[in-house]
Amino acid sequence: MNLFWDSSAILSVVFRESKSPQAVQAWDAGEYAYAWHWLKIETASALARRSANPGQWIHLQKMLGMFRFLELPETEYDDLCAANRRWRLTAADAGHLFCFQQASFVLPDLQLVCFDEEMTSVARKEGFLLWTPPEAGSATPALVRETRSSYGRKRKRAAHV
């Protein structure tokens, strides 16, 4: 499963928060982790502001090392701004969502892992694919799909260190 991560979801893996069980479940369920490159800056800032301990910094660095980071070229800024006139999100949230949208054109099964209410509300309205944890006691239906070659790709490791 291809997952695109927002900072809110990564922070729920690093810190104990109400959404931590779902965030860890998503991390463990995903095969490949994608994110907009700005995630590095946001998560480092969040750890600094929360006075993270050395173990949390190490955990974050290990997780970030498993991501495939995507860029938003300057040529896309006008389209991002136009989309955000409709979305009305903070600049960073709009960047994450726009980057997810662009990536989902190439990876149609890409799911957004996000616990930010404003951002998920907009994603739902736009019809974007959001990751949701399977309900307790229900089996997740198996999807049959051809898999791409794994040549040159690293599979990410579990969230637990």
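It should be emphasised that the depicted structure is a prediction, and the values quoted were computed from it without experimental measurement.

Enquirer: Sorry, what's going on with the nonpolar core here?
Expert: Among soluble globular proteins, nonpolar side chains are generally buried collectively. Within the largest apolar cluster, 25 residues are counted, with the highest numbers of intra-cluster contacts made by Trp 5, Ile 10, Val 14, Trp 27, Leu 47, Phe 67 and Val 113. If you list the elements that add at least two residues to this core, you get strand E1 (2-5), helix H1 (7-14), helix H2 (20-29), strand E2 (32-36), helix H3 (38-49) and helix H4 (54-64). Broken down by element, this core gets its largest block of residues, five residues, from H1. Setting aside residues up to four positions removed in sequence, Leu 47 forms contacts with Leu 11, Val 14, Phe 15, Ala 52, Gln 56, Trp 57 and Leu 60.

Enquirer: Just checking my understanding: could you explain the packing of aromatic side chains for this structure?
Expert: The full count for this structure, using the stated rule, is seven aromatic pairs. Each ring, one from Trp 87 and one from Phe 128, has its centre 6.4 Å from the other, and the planes form 85°; the classification is edge-to-face. Here the residue Trp 87 occupies a position in helix H5 (residues 77-87), and Phe 128 occupies one in the segment after helix H7 (117-126), the gap between them amounting to 41 residues. A single burial state applies to Trp 87 and to Phe 128, both of which are buried. The interplanar angle of 65° and the centroid separation of 5.7 Å between the aromatic rings of Phe 100 and Phe 128 together place this pair among those described as edge-to-face. Of this pair, Phe 100 sits in helix H6 (residues 91-106) while Phe 128 is found in the segment after H7, placing the two residues 28 residues apart along the sequence. Across this residue pair, the class does not change: Phe 100 and Phe 128 are buried. These aromatic residues form a ring-pair network of at least three members: Phe 4, Trp 87, Phe 100 and Phe 128.

Enquirer: So what exactly am I meant to see when it comes to the packing of H3 against H4 here?
Expert: Each pair of packed helices gets described by two things: the angle between the helix axes and the distance between those axes. For the pair H3 and H4, interaxial distance at closest approach is 11 Å and the crossing angle is 170°. Taken together, H3 and H4 sit at an angle that is classed as roughly antiparallel. Note on element contacts: H4 touches H3 through Gln 56, Trp 57, Leu 60 and Leu 64, opposite Leu 39, Lys 40, Thr 43, Ala 44, Leu 47 and Ala 48. Across the contact of H3 with H4, the residue classes break down as seven nonpolar, two polar and one charged.

Rules behind the numbers
Residue positions are counted from 1 within each chain, in the order its sequence is given. Selection of residues for local features in this predicted model requires a pLDDT of at least 70, selection of side-chain atom pairs for listing and counting requires 80 or more, and totals for whole chains, interfaces and linings are taken over all residues. By convention in this description, side-chain values take in all heavy atoms of the structure and omit both hydrogens and water. Here, nonpolar core refers to any group of buried Ala, Val, Leu, Ile, Met, Phe, Trp, Tyr and Cys residues whose side-chain atoms link them within 4.5 Å. Working definition: with a 1.4 Å probe on protein chains only, accessible area under 20% of the residue-type maximum means buried, over 50% means exposed, and in between means partly exposed. The helix count covers DSSP runs of H or I at least four residues long, the strand count covers runs of E at least two residues long, and both are numbered beginning at the N terminus. Note on contacts: a residue pair qualifies if any of its non-hydrogen atoms lie within 4.5 Å across the two residues. Two aromatic rings, drawn from Phe, Tyr or Trp (for Trp, its six-membered ring), form a pair once their centres lie within 6.5 Å of each other, and the interplanar angle then sorts them: stacked below 30 degrees, edge-to-face above 60, tilted otherwise. Structural elements are reduced to axes, namely lines fitted to C-alpha atoms, with helices fitted over the stretch in contact, and the angle between N-to-C directions of any two is expressed from 0 to 180 degrees. Reported orientations rely on four angle classes, namely roughly parallel under 35 degrees, roughly antiparallel over 145, roughly perpendicular from 65 to 115, and oblique for the rest. Any residue outside Ala, Val, Leu, Ile, Met, Phe, Trp, Tyr, Cys, Pro, Asp, Glu, Lys and Arg is labelled polar, Gly included; the first ten of those are nonpolar and the last four are charged.

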